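Per-entry structural report
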Amino acid sequence: MGIGELDREAHVPEATSAGAAPRTLAEALRARGDEGLAALLRARPDLLSPVPNDLTQLATRAGTRGSVVRALDRLDRFALQTAEALAVAPDPAPYPVLLALLTGDEGDPEIEAALPGTVALLREQALVWGEDDRLRLVRTARELLAPSPQHPSPTGLGPTVAEATAGMSPGRVQEIIAAAGLPATHDPVSAVAALTELFTDRARMGALLDEASPEALSVLDRLVWGPPYGEVTANPAPPVRWLRDRGLLLPVSARTMVLPREVALHLRGGRAHRAPEPVAPVVEVARDYRPQVVDSAAAGQAYATLATVEELLKSWDQGGPQVLRAGGMSVRDLKRTAVALDVTEQLAAFWLELCFGAGLLASDGEADERYAPTPAYDDWLDLPPAERWALLVAPWLTATRTPGLVGGQDAKGRTLAALGPDLDRAPAPEVRHRVLELLATLPPGAAADPGTVLARLRWERPPRGAAQPAPPRAPQAAAAAGADETPGAAPEAAGDLRSRLARWTLAEAELLGLTGRGALASPARALLNLPLAEAATPTDHGGRVELSVAAGRAATLLAPLLPEAVDHVLLQADLTAVAPGPLRRPLADALAVLADVESKGGATVYRFTPGSVRRALDSGRSASDLHDFLAAHSRTPVPQPLAYLIDDVARRHGHLRIGAASAYVRCDDDTVLGEILADRRSAALGLRRLAPTVLAAQTDPASLLDGLRSMGYAPAAESAEGDVLVTRADAYRTPARTAPVPVPDGPPAPDATLLGAAVKAIRAGDRAATAVRKEPAAPAASAGGLPRTSAAETLATVQAAAMTGTAVWIGYVNAEGAASQRVIAPVRVEGGFVTGYDHTADEVRTYPLHRITGVAELADDQV
């Protein structure tokens with residue numbers, strides 16, 4: 001078994017018996033099988049960009065700071081605690097030492113059962129290497145996790161005795177060991193070793209602490225779980241002096257003391273962490289509902305989502321608010337949108353971002369840039385309701401834009417605007433998926449306790465550094481004996497990004513109808529490609545389908561749950577109409593022109609007004625058309641007041657004609673024109689009589705039309721030929737726009753094909769890099785490591801290799817000047833080119849002879 005391929009179910013990992021113990025991470029990777037390398041590249045895809053040339057380069061890249069930080073950030077809490085324990089353990093650390101740091105003196109069966117799999121996981125990700133008797137944390141990870149005054153460890157431990165006494169005078173060291181009851185030594189190194197041995201000997205250490213006063217023990221208790229540093233006065237109290245004289249507190253500076261790591265571990269009972277968490281918190285059920293109740297509630301929310309989106313974008317049919325110079329909407333426009341939708345500003349930002357993410361809303365790109373619906377919105381309106389819902393939730397699931405940040409501030413103190421820049425957060429899609437998957441682990445109809453969901457997410461991806469103790473500024477050790485505060489590991493940061501994203505996800509999923517009453521609905525299970533009959537585990541995702549296909553399945557499940565559209569209304573004598581359900585699209589569009597929405601809900605109420613009737617007449621419909629329309633779509637007779645309203649507005653509609661002179665007014669009744677001229681409100685229009693039945697205006701026809709309507713008249717526009725112009729409510733649309741592209745959180749996960757090709761290439765390159773060459777009679781390699789031979793020697797060697805079928809080592813410089821070394825088996829040499837099987841690239845290639853710097857034969861056992 002290769003290193004890194006241990007059985008995670010084993011109680012205690014067993015060291016590999018194949019060959020000698022690896023001396024470097026590269027040797028440990030070289031001992032792995034192809035599956036082990038593929039697992040590493042799958043877990044850390046940043047190592048694939050670009051594909052490493054060989055395993056040495058892979059090991060080097062796996063130890064870079066950026067890659068290690070990314071790998072540590074993706075560890076669960078117990079894996080991170082295991083790495084932190086290795087960072088404070090001796091290097092290398094035997095497996096029993098690591099186990100003791102995590103379990104302490106009392107032991108812990110859960111930790112003992114979980115640790116083998118966790119060590120195997122760290123090995124798989126190349127954060128830990130070596131056999132079980134010599135476990136090593138990669139150097140960069142140790143630098144990141146080991147305690148230091150600048151970067152305290154989450155363990156709360158301080159430096160070792162050797163580290164804390166590094167700058168201490170030999171005489172002071174001798175004074176400490178004498179006070180601790182140890183014999184004097186001839187050098188400070190042996191003195192420090194003797195003091196360390198004392199602090200790690202449980203019996204002798206217990207006897208030493210038995211001599212301490214209760215006040216001195218109280219000082220140690222306040223430092224034991226961190227932070228390990230404490231400030232002292234120039235004249236410390238007797239308990240502090242007693243601890244300092246015996247090395248139980250060591251000076252860091254003139255005013256600061258530190259608790260050595262060995263002392264802290266003794267006081268902790270050998271445990272590196274105050275509360276190891278080997279088992280993930282369980283997501284608990286808050287309340288159970290029947291699955292049908294959950295699906296019905298979710299369907300109601302889904303229908304409300306469609307209505308809200310349609311209402312928002314319909315209100316912007318003639319163009320929405322202006323785009324700020326820095327991008328996004330102004331606070332004033334956001335407030336207006338919130339008032340129009342009758343929601344909070346934060347919720348209005350969510351609906352705006354939902355439309356923007358689905359590609360239904362964008363800026364028009366004009367000089368006076370404004371927001372408006374896109375042409376995709378019209379196509380969206382023509383789809384069935386369930387499909388419209390699916391086209392909203394699928395982009396939401398993968399979007400990196402985070403509407404919950406709207407109203408907050410960026411790093412420079414600028415307010416984050418809705419639809420503006422800087423709202424992308426790369427972890428958002430992963431958190432949304434994970435939250436919904438955790439809800440799916442519960443039985444259908446079970447609503448999760450949000451607190452346990454957040455706790456599980458914090459365990460799976462703990463915010464690294466949030467639980468660290470404070471920097472060295474602990475309370476004065478002299479005053480610590482009577483202080484109220486008990487130092488310890490700081491609690492998890494309540495406002496870390498992933499927790500905020502999770503809380504927003506729970507709220508947004510309920511708004512969108514993915515959950516009903518806090519439980520995952522059936523359409524959401526289909527969207528996640530989860531089984532519908534019973535709960536699925538988060539890893540039960542074999543045969544995952546494309547998101548578009550999953551969204552189609554979710555729409556199919558939602559469709560029967562949505563209310564069916566109706567094709568009629570109920571007209572009432574108070575000039576209102578009641579829609580007993582969602583109206584079919586043509587009826588809803590026509591009624592929206594003829595009447596104004598008075599109230600929304602399960603039954604929408606429309607009100608007919610003179611202005612709304614005139615709007616319908618302006619759209620080209622006659623009074624008889626309106627009567628026929630109402631009679632055809634009403635289940636009740638058309639009330640007489642409504643019929644009178646239509647006839648009265650139609651009688652006056654078009655009585656006046658507006659044209660371009662700049663503009664003119666003509667009317668067969670000259671007394672009406674006289675009334676207009678006599679009205680003071682017409683002064684701004686610049687009217688004058690040209691003929692008994694014609695008035696000229698100094699304003700444009702549109703302004704003249706609006707001005708006369710505001711005076712109570714009902715004019716109609718006409719063309720240059722004198723025909724009535726039909727003004728249709730054509731909606732303003734932006735040019736075709738694509739939905740915003742999510743910002744990736746690092747490189748994408750590689751598929752099986754890419755992993756197989758990458759492992760094959762790395763193996764081939766490693767064989768070439770580690771191949772043993774014959775020692776040349778004279779120096780044949782340059783300082784850069786490439787072989788150097790004359791053109792004649794190169795030609796003769798590759799021709800001989802082609803005849804004998806053997807492989808050779810060549811140095812090659814490509815057209816860009818990049819030098820590399822390769823192992824090839826020549827098969828043909830002609831025309832200034834050599835063609836052969838390249839073991840480095842694992843394929844047949846042709847190389848120009850003039851670009852080969854030199855050639856050397858391989859050792860006999862490598863041929």
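A closer look at the overall build of the protein
Broken down by element type, the protein carries 34 helices and 25 strands. Taken over 863 residues, the protein has a buried fraction of 48%. A separation threshold of at least 6 residues defines the contact pool for the protein, and within that pool the share at least 24 residues apart is 67%. Split by element, the accessible area of the protein, about 39900 Å² in all, is 54% carbon and sulfur.

Regarding helix α11 (residues 188–200)
Between the first and last C-alpha of α11 there are 18 Å, a value that for 13 residues agrees with the 18 Å anticipated at 1.5 Å per step. Burial in α11 covers these residues: A191, V192, A194, L195, L198 and F199. Seen along its axis, α11 keeps its buried residues to an arc of 160°; they face one direction. In this fold, the buried residues of α11 make contact with α9 (161–164), α10 (170–179), α12 (202–210) and α15 (261–267). For α11, the N-terminal capping position is held by D187, with its side-chain oxygen 3.1 Å away from the main-chain nitrogen of V189.

With respect to the pairing of strand β19 (residues 694–697)
On a regular strand, each side chain points to the face opposite its neighbour's, so the side chains alternate between the two faces of the sheet. Relative to β19, strand β17 (residues 663–666) is paired through four bridges, and the arrangement is antiparallel. Paired with Y664 across the two strands is A696, which belongs to β19. Summarising the sheet, strand β18 (residues 688–691) and β19 pair through three bridges and their orientation is antiparallel. Looking across to β19, one finds that A691 is bridged to V694.

Notes on the sheet that holds strand β14 (residues 596–599)
Read across the open sheet, the four strands follow the order β12-β13-β15-β14; overall the sheet is antiparallel. Every interior strand has two partners, whereas the edge strands, β12 (570–572) and β14, have only one. Sheet twist, expressed as the average angle between the axes of neighbouring strands with direction ignored, equals 30°. Across three bridges, the pairing between β12 and strand β13 (residues 576–579) is antiparallel. Paired with Q572 across the two strands is T576, which belongs to β13.

Quick notes on the layout of surface pockets
Over the atoms a probe the size of a water molecule is rolled, and this reveals where empty space is left. Within this model, the second largest pocket holds a volume of roughly 1400 Å³. Taken together, 39 residues line the second largest pocket, and the ones lying closest to its centre are R42, A43, R74, E430 and R461. When residues of the lining of the second largest pocket are traced back to their parent elements, those giving at least two are α2 (34–43), α4 (65–73), α21 (428–440) and α22 (450–460). Looking at which element gives the most residues to the lining of the second largest pocket, the answer is α21, with five residues. In terms of residue class, the lining of the second largest pocket is built from 18 nonpolar, seven polar and 14 charged.

A closer look at the sheet that holds strand β25 (residues 852–857)
Within a sheet, adjacent strands bond to each other through the backbone by hydrogen bonds, running parallel or antiparallel. With antiparallel pairing, five strands are arranged side by side in an open sheet as β24-β23-β22-β21-β25. Each having just a single partner strand, β24 (843–848) and β25 make up the two edges of the open sheet. Pairs of neighbouring strands in the sheet enclose a mean axial angle of 45°, with direction left out of account. Where helix α34 (residues 791–804) meets the sheet, it contacts β21 (808–813), β22 (819–830), β23 (833–838) and β25, and its direction lies at approximately 65° from that of β22.

Considerations on the nonpolar core
One finds L29, L41, L58, L195, F199, L248 and L249 to be the most contacted residues of the largest nonpolar core, which totals 93 residues. The element contributing the most residues to this core is helix α5 (residues 77–88), with eight residues. When sequence neighbours within four positions are dropped, the list of residues in contact with L249 reads V219, L220, L223, V240, L243, R244, M257, V258, L259 and P260. Formed by 71 residues, the second largest nonpolar core is a distinct cluster that contains L416, L439, A440 and L512.

Considering the environment of R425
Summarising the element assignment, R425 is placed in the loop between α20 (385–398) and α21. On the basis of relative accessibility, which here comes to 23%, the residue R425 falls in the partly exposed class. Linking R425 and A399, residues 26 residues apart in sequence, is a C-alpha distance of 8.9 Å. If we ignore the near neighbours within four places in the chain, the residues touching R425 are T400, T402, L405, L416 and L497.

Looking at the packing of aromatic side chains
Within this structure, the stated rule accounts for three aromatic pairs. Taken together, a centroid distance of 6.0 Å and an interplanar angle of 25° make the contact between Y377 and W380 stacked. One end of the pair is Y377 and the other is W380, both in helix α19 (residues 375–381) and three residues apart, which spans about a single turn. Judged by its relative accessible area of 1%, Y377 is buried. In this structure, R388 is placed above the aromatic ring of W380, and the distance from its NZ or CZ to the ring centre is 5.2 Å.

Quick notes on the pattern of salt bridges
Inspection of the entire model under this criterion finds 32 salt bridges. Residues joined in a network through salt bridges with shared partners are R434, E437, R456 and E460.

With respect to the packing of α20 against helix α24 (residues 497–512)
Two quantities define a packed helix pair, namely the angle between the helix axes and the distance between the axes. Where α20 contacts α24, the two axes come as close as 11 Å, and the packing angle between them is 170°. In terms of orientation, α20 and α24 fall into the roughly antiparallel class. Residues W389, V393 and W396 of α20 form the contact with α24, whose participating residues are T505, E508, A509 and L512. Residue composition of the contact of α20 with α24, grouped by class: five nonpolar, one polar and one charged.

Section: the side chain of T835
Position of T835 relative to the elements: it lies in strand β23. A polar side-chain atom of T835 sits 2.9 Å from a polar atom in the side chain of T846.

So, a negative patch on the surface
On the surface, D668, D669, D670 and E675 cluster together to form a negatively charged patch. Structurally, E675 is set in helix α31 (residues 670–678).

Regarding the side chain of T853
Among the secondary structure elements, T853 is positioned in strand β25. Residue T853 is classed as buried on the basis of its relative accessible area, which comes to 11%. Look past the residues within four positions of T853 in its chain and what remains in contact with it is L786, P787, R788, T789, G811, Y812 and V813.

A look at the environment of A819
When you line up the elements, A819 lands in strand β22. The spacing of A819 and L786 is 33 residues in sequence and 8.2 Å in space, taken between C-alpha atoms. Those residues within four positions of A819 in sequence are excluded, and the remaining contacts are L786, Y812 and V813.

Some remarks on the pairing of β24
Examined bridge by bridge, β23 and β24 share six bridges and lie antiparallel to one another. The partner of T835 across the bridge, within β24, is T846. In this antiparallel pair of consecutive strands, β23 and β24, the connection spans four residues, and D842 shows a positive phi of 60°.

A word on the confidence of the model for the protein
Mean pLDDT over the protein: 84, with 88% of residues reaching 70 or higher. In the model, residues 466–495 has pLDDT below 50 throughout and makes 66 contacts with residues more than four positions away in sequence or in other chains. With pLDDT under 50 throughout, residues 533–544 is counted as low confidence; its partners more than four residues away or in other chains account for 26 contacts.

Each value, and the rule that gives it
- Residues numbered from 1 in each chain as written.
- Predicted model: local features only at pLDDT ≥ 70, side-chain atom pairs only at ≥ 80, totals over all residues.
- Heavy atoms only, no water.
- Helix = DSSP H or I, 4+ residues; strand = E, 2+ residues; numbered from the N terminus.
- Buried < 20%, exposed > 50% of the residue type's maximum accessible area, 1.4 Å probe, protein only.
- Contact = heavy atoms within 4.5 Å.
- Areas by Shrake-Rupley, 256 points an atom, 1.4 Å probe, with all protein chains shown as cover.
- Expected span 1.5 Å × (residues − 1).
- Arc of directions from axis to C-beta.
- Polar contact = N/O pair within 3.5 Å; in protein donor to acceptor, adjacent residues only side chain to side chain.
- Pairing = 2+ DSSP bridges.
- Axes fitted to C-alpha atoms, helices over the stretch in contact; angles between N-to-C directions.
- 1 Å grid on protein atoms, 1.4 Å probe; cavity = no way out; pocket = protein on both sides within 12 Å on 5 of 7 lines; lining within 4 Å.
- Points joined across faces, edges and corners; volume = space filled by probe spheres on them.
- Nonpolar A, V, L, I, M, F, W, Y, C, P; charged D, E, K, R; others polar.
- Core = buried A, V, L, I, M, F, W, Y, C linked by side-chain atoms within 4.5 Å.
- Phe/Tyr/Trp six-rings, centres within 6.5 Å; stacked < 30°, edge-to-face > 60°.
- Lys NZ or Arg CZ within 6 Å of the ring centre and 35° of its normal.
- Salt bridge = Lys/Arg side-chain N within 4 Å of Asp/Glu carboxyl O.
- Parallel < 35°, antiparallel > 145°, perpendicular 65-115°, else oblique.
- Patch = residues over 30% accessible without salt bridge, like charges linked within 9 Å, V, L, I, M, F, W, Y side chains within 5 Å.
- Lys, Arg positive; Asp, Glu negative; His and termini not counted.
- Charge placed at Lys NZ, Arg CZ, Asp CG, Glu CD.
- pLDDT = per-residue confidence, 0-100.

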